[in-house]
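# A look at the structure
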Amino acid sequence: MQLELLGGSRLTSLGLGDDQDADGYETGFQAWEPELWKALGVELLGAAVEEPKKTDDDMKVESNFLRGTIAEGLEDTSTGALSERDTKLTKFHGIYQQDDRDLRDERKAQGLEKAFQFMVRVRVPGGISKASQWLAMDEIAEKYGSKSLKITTRQAYQLHGVLKRNLKQTIRDINKCLLDTLAACGDVNRNVMCSPNPLISEVHAEVQDFARKISAHLSPRTSAYHEIWLDDKIVAGQAVQDFEPLYGSTYLPRKFKIAIAIPPNNDVDVFAHDLGYTAIADNNGKLLGYNVSVGGGMGMTHNNKKTYPNLGQFIGFCKPDQAIDVGEKVMLVQRDYGDRSNRKHARLKYTIDDRDLDWFREEVESRLGYKLEPLKEYKFENNADRYGWTKGADGKWHFCMYIENGRVIDLPGEQIKTGLREIAKVHKGDFRLTPNQHLILGNIAEQDKEQIEQLLKKYKLDNLKFTGIRMNSMSCVALPTCGLAMAESERYLPTLVSKLEIIIEECGLREDAITIRMTGCPNGCARPYVAEIACVGKALGTYNLYLGGGFYGQRLNKLYKENLKEDDILKELKPMLNRYAKERNDGERFGDFVIRMGYIKATKYGKDFHEL
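Scoring rules and cut-offs
Residues numbered from 1 in each chain as written. Predicted model: local features only at pLDDT ≥ 70, side-chain atom pairs only at ≥ 80, totals over all residues. Heavy atoms only, no water. Phe/Tyr/Trp six-rings, centres within 6.5 Å; stacked < 30°, edge-to-face > 60°. Helix = DSSP H or I, 4+ residues; strand = E, 2+ residues; numbered from the N terminus. Buried < 20%, exposed > 50% of the residue type's maximum accessible area, 1.4 Å probe, protein only. Lys NZ or Arg CZ within 6 Å of the ring centre and 35° of its normal. Axes fitted to C-alpha atoms, helices over the stretch in contact; angles between N-to-C directions. Parallel < 35°, antiparallel > 145°, perpendicular 65-115°, else oblique. Contact = heavy atoms within 4.5 Å. Core = buried A, V, L, I, M, F, W, Y, C linked by side-chain atoms within 4.5 Å. Pairing = 2+ DSSP bridges. Expected span 1.5 Å × (residues − 1). Arc of directions from axis to C-beta. 1 Å grid on protein atoms, 1.4 Å probe; cavity = no way out; pocket = protein on both sides within 12 Å on 5 of 7 lines; lining within 4 Å. Points joined across faces, edges and corners; volume = space filled by probe spheres on them. Nonpolar A, V, L, I, M, F, W, Y, C, P; charged D, E, K, R; others polar. Salt bridge = Lys/Arg side-chain N within 4 Å of Asp/Glu carboxyl O. Left-handed = near helix turned anticlockwise from the far one by under 90°. Polar contact = N/O pair within 3.5 Å; in protein donor to acceptor, adjacent residues only side chain to side chain.

### Points about the packing of aromatic side chains
Geometrically, a pair of aromatic rings is defined through the distance of the ring centres and the angle of the planes. Tallied over the entire structure, the rule returns 25 aromatic pairs. Plain terms: the ring middles of Phe 210 and Tyr 290 are 5.0 Å apart, the flat faces sit at 35° to each other, and that makes the pair tilted. Of the two residues, Phe 210 is situated in helix α10 (residues 201–217) and Tyr 290 in strand β9 (residues 287–294); the sequence distance between them amounts to 80 residues. Judged by relative accessible area, Tyr 290 falls into the buried class, the value being 1%. Ring pairing ties together the aromatic residues Phe 271, Phe 314, Tyr 378 and Phe 380, which thus form one cluster. Positioned above the aromatic ring of Trp 389, the side-chain terminus of Lys 449 is 4.6 Å from the ring centre. The ring of Phe 551 has Arg 589 sitting right over it, with the charged end atom 3.8 Å from the ring centre.

### Some details on the packing of helix α9 (residues 164–176) against helix α11 (residues 224–231)
Interhelical geometry of α9 versus α11 gives an angle of 105° and a closest axis separation of 8 Å. Between α9 and α11, the angle is such that the two are roughly perpendicular. Residues Leu 167, Lys 168, Ile 171, Arg 172 and Asn 175 of α9 form the contact with α11, whose own contacting residues are Tyr 225, Ile 228, Trp 229 and Leu 230.

### A word on the nonpolar core
Ranked by size, the top nonpolar core spans 93 residues in total, and within it Trp 134, Tyr 277, Tyr 290 and Leu 420 carry the most contacts. Ranked by residues supplied to this core, first place goes to helix α8 (residues 131–144) with seven residues. Leu 500, Leu 547, Leu 564 and Tyr 580 belong to the second largest nonpolar core, which has 30 residues in total.

### Comments concerning the sheet that holds strand β1 (residues 95–99)
Pairing is antiparallel across the open sheet formed by five strands, whose spatial order is β1-β2-β5-β4-β13. Strand pairing shows two members of the sheet lacking a second neighbour, β1 and β13 (407–408), which therefore form its edges. Pairing between strand β2 (residues 116–122) and strand β5 (residues 157–162): four bridges, direction antiparallel. Across the sheet, residue Arg 121 finds its bridge partner in β5, namely Gln 158. Against the sheet, α8 touches β2, β4 (149–151), β5 and β13, its axis set at about 15° to β5.

### Structural notes on unusual backbone geometry
Outside of glycine, negative phi angles account for most residues, and trans bonds account for most peptide bonds. Pro 264 follows Pro 263 through a cis peptide bond whose omega is 10°. Cis geometry is found at the peptide bond from Leu 479 to Pro 480, where omega equals 10°. Not every positive phi belongs to a glycine, and Gln 155 is a case in point at roughly 60°. Inspection of the secondary structure assignment puts Gln 155 in the loop between β4 and β5. Its identity is not glycine, yet Asn 563 carries a phi of approximately 55°, on the positive side. Mapped onto the fold, Asn 563 is located in strand β22 (residues 558–564). Its relative accessible area of 44% is what places Asn 563 among the partly exposed residues.

### Some points on α10
Residues lying three or four places apart along an α-helix face the same way, a consequence of the helix completing one turn every 3.6 residues. The end-to-end C-alpha separation of α10 is 25 Å, in line with the 24 Å expected for 17 residues at 1.5 Å each. Those residues of α10 not exposed but buried are Val 203, His 204, Val 207, Gln 208, Phe 210, Ala 211, Ile 214 and Ser 215. Projected onto a plane normal to the axis of α10, the buried residues spread over an arc of 160° and lie on a single side.

### Focus on empty space enclosed by the protein
Across all of its chains, the model carries three cavities of 30 Å³ or more by this definition. Considering only enclosed or pocket space, the largest cavity measures out at about 110 Å³ in volume. Every residue lining the largest cavity is counted, 13 residues in all, and those nearest its centre are Lys 257, Ala 272, Met 298, Gly 524 and Arg 527. Here the second largest cavity defines a volume of roughly 70 Å³. Looking at the second largest cavity, the residues that line it are Asn 383, Ala 384, Asp 385, Tyr 387, Asn 436, His 438, Met 471, Asn 472, Ser 473, Met 474, Thr 515 and Arg 517. Classifying every residue of the lining of the second largest cavity gives four nonpolar, six polar and two charged.

### What about the sheet that holds strand β20 (residues 533–539)?
In space, the five strands of this open sheet follow the order β18-β19-β20-β21-β22, with mixed pairing throughout. The open sheet has two edge strands with one neighbour each: β18 (473–475) and β22. For this sheet, the mean angle separating the axes of adjacent strands, direction not counted, is 20°. Pairing geometry for strand β19 (residues 516–519) and β20, over four bridges, is parallel. Bridge pairing links Ile 516 to Ile 533 in β20. Here helix α19 (residues 566–583) sits on the sheet in contact with β20, β21 (542–547) and β22, set at roughly 145° to β22.

### Looking at the pattern of salt bridges
Under the definition given, this model contains 51 salt bridges. Where Lys 417 meets Asp 138, a salt bridge forms, and the shortest distance between an N and an O atom there is 3.3 Å. Residue Lys 417 is located in helix α15 (residues 416–426), and its partner Asp 138 is located in helix α8; the two are separated by 279 residues in the primary sequence. Each member of the pair, Lys 417 together with Asp 138, is buried. Note that Asp 209 is salt-bridged to Lys 213, the shortest N-O span being 3.0 Å. With a gap of four residues between them, Asp 209 and Lys 213 both fall in helix α10, about one helical turn apart. Asp 209 gets classed as partly exposed once you look at its relative accessible area, which sits at 29%. Overlapping salt bridges, with partners in common, bring together Asp 56, Asp 57, Lys 60, Lys 88, Asp 187, Arg 340 and Arg 343 in one network.

### Here's the deal with the packing of helix α18 (residues 493–507) against α19
In contact at an axis separation of 10 Å, α18 and α19 are set at 30° when each is read in the N-to-C sense. Here α18 lies roughly parallel to α19, going by the angle between them. At the point where α18 passes α19, the crossing takes the right-handed sense. For the pair α18 and α19, contact is made by Thr 495, Leu 496, Lys 499, Leu 500, Ile 503, Ile 504, Glu 506 and Cys 507 and by Glu 566, Ile 569, Leu 570, Leu 573, Lys 574, Leu 577, Asn 578 and Ala 581, respectively. Across the contact of α18 with α19, the residue classes break down as 10 nonpolar, two polar and four charged.

### Description of the side chain of His 438
Structurally, His 438 is set in the loop between β16 (430–433) and β17 (439–444). Within the local environment of His 438, its side chain forms a polar contact with the side chain of Tyr 387, the two groups lying 2.9 Å apart. A polar atom in the side chain of His 438 sits 3.3 Å from the backbone oxygen of Asn 436.

Printed below as a string of structure tokens:
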């Protein structure tokens, strides 16, 4: 500016990058650099020196409907890995390439490649599988995985530690038991969640059937999955051209998640997903339809205020026979208007926030050809599982057991995997994976209940004598397998809870249900941002502490303090819990209490998440 005052001419405007953009200053710099060269009279030097990087959409289009070179990569025995581009495609097939991060330094010192392995996720719409399927998954985990099964926070099975040479047989065996992995990951609609053990049990069968049908309706139609994993008949080149009637060749901008809740229980955290259905029943237990919410999502990036978690907002009510059509149109609006230039800004929550909810509703209704009806009254009371024995309206029994962080494994004194295997051999009902990573033995006839009770007791699977905070705890996998993890989660949360339990017992809060969740990174797989207490990993042993989420998933929590070690977390929570025990109102939840006492401000929608 001083040079301008002295008569100088400005070559070009000052280039300003935005550190909140996904690539930092690069976006601004790339637009500014050619203008500088042009002003200097050497425009040719500023012309595209480098070819633009190929986008994920380019990769999808060039993959010939998710084929890529996956088949060739599986045959390459010189490495335990697949190519980077193929690892993006395998996500659509339900497969993530990972490595054992505990072994990285050791293998690097030995001059070896990373200990590559694969995580395989199995879709289970509504979380319900047969006893025979449980036995099959148990055997597959034993033969090809890490000998443990993981029940995910979205009611799916996960296998860890599968080696590349065993991938194809693993997928084949999964499909033999009539389960599959297609669309368990990737930029498509993923596993559809549904309350597995609602109070209104008359409605469950109908809603569960809807979960299966909408999952099938929104599944990709590519034959690549069948060719690569099941048939061994790979079609070379472009000889066969698939057709994706809903997705097209670029599929969705990002992942798309659906959950169905049956009040008064919100165990699926229905507002934490791109599309939510809240079932509405009359006083006789007849399903009337669904309140439809859109724009939820948990993922964010540390220190980037342009990213944030969000809760879904209602756009109206639909009847049962309209529900699949509504879901399709919501997804198609996101397909056509979602941001394909920035994957950190590509979820439905940003599509809606960049415009507004009224615009989105009108766009959906224009494609439907009719208006959604006004919302129906409903009430949520919690987002926890219903532990222990419950009896349905049909006279069948269900038993919900506690499985810490969803890890089904045999440990000294804890034969969880063996016990469930023995139960599956005689159980005539189903196995229901819960949204909180636990397990329900469903549809047990009165005459079979005693036998199941004896097996539960034998293997100590009937133990529910845990504190309220432990029974409402949840974590993602994180280290050592997740490539995104910045800190421990599944391996550490039980230790932190044990130390919190000392405080809890001293305060007289043993039976109080307080939700606590932990993730190893800010992507939010354990839905931490709706928890009353959440620890989100920043670095090894270091977490951001969030407080004040709604007990039934109706409110986001808020960042309380950053970069806390274990001692710091306990130091911050101890006086709060003591005060809560003494000063809470009748029936007041911990999340409500910390807001009333002024520890944090209430947050309902993501746009306000970063406001202090």
